[in-house]
Amino acid sequence: MRQPLVAGNWKMNGSREGIFELLKGIREGVKDLAGVDIAVCPPYIYIPEVQGQLHGSPVSWGGQDLSLQQQGAYTGEVSGSMLLDFGCKYVIVGHSERRSYHAESDQQVAEKYQSALDVGLVPILCIGETLEQREQNATEDVVARQLDTVIARCGIAALKNGVIAYEPVWAIGTGKTATPEQAQQVHGFIRGMIAQHDSAVAEKIQILYGGSMKPSNAAELISKPDIDGGLIGGAALKAADFLDICKAASFQA
Ligand code: PGA
């Protein structure tokens, strides 16, 4: 049985004061929860603050991206080992906002996946189609291509130590959630693809759904057999909403 994971992706939101309150709420609320992995991914600059407040709690934290490079003259970049230095467990790679605003290619995302593994971080690999691609019935082709690039670069065994987040781009931040059936269909496809390489890896890997997941739809989405939690944007910025989603996931365990 896979334990679900609920990870908050704060994106470029928050302030020192706001984050203090958010973390206080999360720390209090998670005391009553069991059977669910929980993590938050703040902007880099707040990671030390998050580490200070979450240290010793069951909540993990992670970065939203990492550099392709290990160290050196790369102005503005943050490496995986720096994230590790501040207690990060996870790092998001290939979020659609990085793919579209920073032109990250499938190949670069695969390199980042490998860089994360190399330093001992758990990569959360984001894959998903745009609205146009869905309308052209290309959803499976797109997620297969994104995933295949990682498998080709890192090997199937590398998925054992990572997490996948299926995030249809048209559902991110739009309030339009994929229906549980639509999401399950793609999650099942992804797991089936992995099973063709290695059934044990397919059975073990957590596949999260992301895209306007909120308290009102989380339980139904997570009740689907291949949906193992969520990557949460907007709803992760309010402790009560984030905790409600964690609760919904913990009931499934
Ligand atoms: P959203 O974002 O929950 O605000 O749609 C999810 C994500 O981009 O990871």
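See the structure shown above.
One structure accompanies this document, and this report is about it. Given the structure is predicted, the values throughout are model-derived calculations rather than measurements.

What follows covers the site of the ligand. With respect to spatial proximity, 13 residues lie near the ligand, and among them K11, H95, E167, G173 and S212 are the closest. The backbone of S212 places a nitrogen or oxygen atom 2.7 Å from an oxygen atom of the ligand. For the ligand, whose unbound accessible area comes to 280 Å², protein coverage reaches 94%. A molecule is said to occupy a pocket when more than half its atoms come within 2 Å of that pocket's grid points, and by this definition the ligand occupies the second largest pocket. Considered class by class, the residues forming the shell around the ligand number four nonpolar, seven polar and two charged.

This brings us to the layout of surface pockets. Taken as a whole, the largest pocket holds about 520 Å³ of empty space. Lining the largest pocket are 21 residues, with M12, Q64, D65, R98 and H102 positioned closest to its centre. No other element matches helix α4 (residues 96-101), which puts three residues into the lining of the largest pocket. Across the lining of the largest pocket, the residue classes break down as nine nonpolar, six polar and six charged. Taken as a whole, the second largest pocket holds about 220 Å³ of empty space. Taken together, 17 residues line the second largest pocket, and the ones lying closest to its centre are G173, S212, M213, G233 and G234. Within the lining of the second largest pocket, the residues separate by chemical class into five nonpolar, nine polar and three charged.

What follows covers the nonpolar core. In this structure, Y113, L147, L159, I190, I194, Y209 and F242 are the most contacted members of the largest nonpolar core, which totals 71 residues. Here this core takes seven residues from helix α11 (residues 239-250), the largest share from any one element.

Scanning all chains against the criterion turns up 17 salt bridges. Residue R98 is joined to D65 by a salt bridge in which the shortest nitrogen-to-oxygen separation is 3.3 Å. Note that R98 is positioned in helix α4 and D65 in the loop between β3 (59-63) and α3 (80-85), a separation of 33 residues in sequence. The class for D65 is buried, based on a relative accessible area of 9%. Across the salt bridge formed by K112 and E104, the nearest N and O atoms sit 2.7 Å from each other. Pair check on accessibility: K112 and E104 agree, each one buried. Via salt bridges that share partners, R2, R191, E203, D226 and D228 belong to a single interconnected network.

With that settled, consider the side chain of D228. The topology assignment puts D228 in the loop between α10 (215-222) and β8 (229-232). Owing to a relative accessible area of 5%, D228 belongs among the buried residues under this scheme. Side chain to side chain, D228 and R2 meet in a polar contact 3.0 Å long. A distance of 2.7 Å separates polar atoms of two side chains, one belonging to D228 and the other to R191. Not counting residues up to four positions away in its chain, the partners in contact with D228 are R2, P4, L5, R191, I205, Q206, I207 and L208.

Reading around the circumference, β1-β2-β3-β4-β5-β6-β7-β8 is the order of the eight strands in this closed barrel, with parallel pairing throughout. Taking the axes of each pair of neighbouring strands and ignoring which way they run, one obtains an average angle of 25 degrees across the sheet. One ladder, built from five bridges, connects strand β1 (residues 5-9) with strand β2 (residues 37-41); its direction is parallel. Bridging from a neighbouring strand, L5 pairs with D37 of β2. Along the sheet face, helix α2 (residues 47-54) touches β2 and β3 and points at about 170 degrees away from the line of β3. The strands that helix α7 (residues 139-154) touches are β5 (122-127) and β6 (163-166); relative to β5, the one it contacts most, it runs at about 150 degrees.

Moving on, we get to the pairing of β1. Taken across its five residues, β1 has five buried, putting it largely inside the fold. Side chains of β1 alternate between two faces, with L5, A7 and N9 and V6 and G8 buried alike. With respect to chirality, the unit in which β1 leads through helix α1 (residues 16-29) into the neighbouring parallel β2 is right-handed. As defined by bridge partners, β1 adjoins β8 across four bridges and the pair is classed as parallel. Among the inter-strand pairings, A7 is bridged to a residue of β8, identified as L231.

Mapped onto the secondary structure, Q136 falls in the loop between α6 (131-135) and α7. The exposure class of Q136 is exposed, given its relative accessible area of 54%. Between the C-alpha atom of Q136 and that of G52, which follows or precedes it by 84 residues, the distance is 47 Å.

What counts as what
- Residues numbered from 1 in each chain as written.
- Predicted model: local features only at pLDDT ≥ 70, side-chain atom pairs only at ≥ 80, totals over all residues.
- Heavy atoms only, no water.
- Near = heavy atom within 4 Å.
- Polar contact = N/O pair within 3.5 Å; in protein donor to acceptor, adjacent residues only side chain to side chain.
- Areas by Shrake-Rupley, 256 points an atom, 1.4 Å probe, with all protein chains shown as cover.
- 1 Å grid on protein atoms, 1.4 Å probe; cavity = no way out; pocket = protein on both sides within 12 Å on 5 of 7 lines; lining within 4 Å.
- Sits in = over half its atoms within 2 Å of the grid points.
- Nonpolar A, V, L, I, M, F, W, Y, C, P; charged D, E, K, R; others polar.
- Points joined across faces, edges and corners; volume = space filled by probe spheres on them.
- Helix = DSSP H or I, 4+ residues; strand = E, 2+ residues; numbered from the N terminus.
- Core = buried A, V, L, I, M, F, W, Y, C linked by side-chain atoms within 4.5 Å.
- Buried < 20%, exposed > 50% of the residue type's maximum accessible area, 1.4 Å probe, protein only.
- Salt bridge = Lys/Arg side-chain N within 4 Å of Asp/Glu carboxyl O.
- Contact = heavy atoms within 4.5 Å.
- Pairing = 2+ DSSP bridges.
- Axes fitted to C-alpha atoms, helices over the stretch in contact; angles between N-to-C directions.
- Right-handed = clockwise from strand over helix to strand, strands pointing away.

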